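One letter stands for each residue in the lines below.
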Amino acid sequence: MRVTKHEHACLRLELENRTLLIDPGSFTLPLADLRHVVAVVLTHEHPDHWTAEHLSRIRQQFPEVPVYAPAGVAAAAAGEEIHLVAPGETVTAGPFTLSFFGGRHNVIHESIPVVDNVGVLVNETFYYPGDSYALPGSSKIDLLAAPVGAPWLKIGEAMDFVLAVAPRRAFATHDMTLSRVGLDMGRARIRWAVEQGAGEFVALEPGESTDL
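In this text the structure is predicted, and so the values were computed from the model without any measurement.

**Quick notes on the sheet that holds strand S7 (residues 90-93)**
Across a sheet, paired strands are connected by hydrogen bonds in the backbone, their directions being either parallel or antiparallel.
Move 1: What the seven strands build is an open sheet, ordered S7-S8-S9-S10-S11-S12-S13; its pairing is mixed. Edge positions in the sheet fall to S7 and strand S13 (200-201), since each of these pairs with one other strand and no more.
Move 2: When strand S11 (residues 143-147) meets strand S12 (residues 169-173), the two strands line up parallel, connected through five bridges. Along S12, the bridge assignment pairs Ala145 with Phe171.
Move 3: Contacting strand S10 (126-128) and S11, helix H3 (residues 155-165) runs over the sheet at an angle of about 165° to S11.

Structure representation (structure tokens):
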């Protein structure tokens, strides 16, 4: 399976000539060269993780593609067909088995409502938690997409999340709010956390990929 990092929190997974998209949002450039998209996963309703414009472009090419998301996305995306998913559920799309974890977005501030959020585990090997530190059950993770910069994120807590998951490899995502200096600092902390479990950190820029 090939995993490509796009801007901010958007991820593209490709396997057996099929494609899964995760969280194409407002900080992500329009996605080009899409082939055989079998599903879209939106972890939560915040616009940096989904936009109507992205969904419209995807569905122009793949009209029947299912979009899996928690209830909050369906409410925010009125008029869009959304397949509701919740923590503990598993669905299959082409060669991808998607299992969902968590349930709630991390707290930004007590004045800001906490929304639905699901982490997604793909084929029991790749995990992305959305905007949370939800753990992927007991699965041994081959590749973790670890959030590194956000209004809700404290880097020490992000490091503890990576330590708890103990993936074989990890890369940093959710990063467009960071300066280059801030991103490099965050990556260094995530690298340290991965290496404590004898894992490897992979530095991916937008458009770069890694295989597992």
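**Thoughts on the UniProt feature "domain: Metallo-beta-lactamase" (unreviewed entry) in the protein chain**
Move 1: UniProt marks residues 7-174 with the feature "domain: Metallo-beta-lactamase" (unreviewed entry), using the numbering shown here.
Move 2: Secondary structure across residues 7-174 comprises 16% helix and 32% strand; the distance between its end C-alpha atoms is 8 Å.

**Quick word on unusual backbone geometry**
Move 1: The phi dihedral of Glu16 falls on the positive side, at around 55°, and the residue is not glycine.
Move 2: Mapped onto the elements of the fold, Glu16 is located in the loop between strand S2 (11-15) and strand S3 (18-22).
Move 3: Of note in this structure, Glu124 is not a glycine but carries a positive phi near 60°.
Move 4: Of note, Glu124 is situated in the loop between strand S9 (116-122) and S10.

Criteria and thresholds
- Residues numbered from 1 in each chain as written.
- Predicted model: local features only at pLDDT ≥ 70, side-chain atom pairs only at ≥ 80, totals over all residues.
- Heavy atoms only, no water.
- Pairing = 2+ DSSP bridges.
- Helix = DSSP H or I, 4+ residues; strand = E, 2+ residues; numbered from the N terminus.
- Contact = heavy atoms within 4.5 Å.
- Axes fitted to C-alpha atoms, helices over the stretch in contact; angles between N-to-C directions.
- UniProt positions renumbered as here; feature names shortened; annotations may be inferred.

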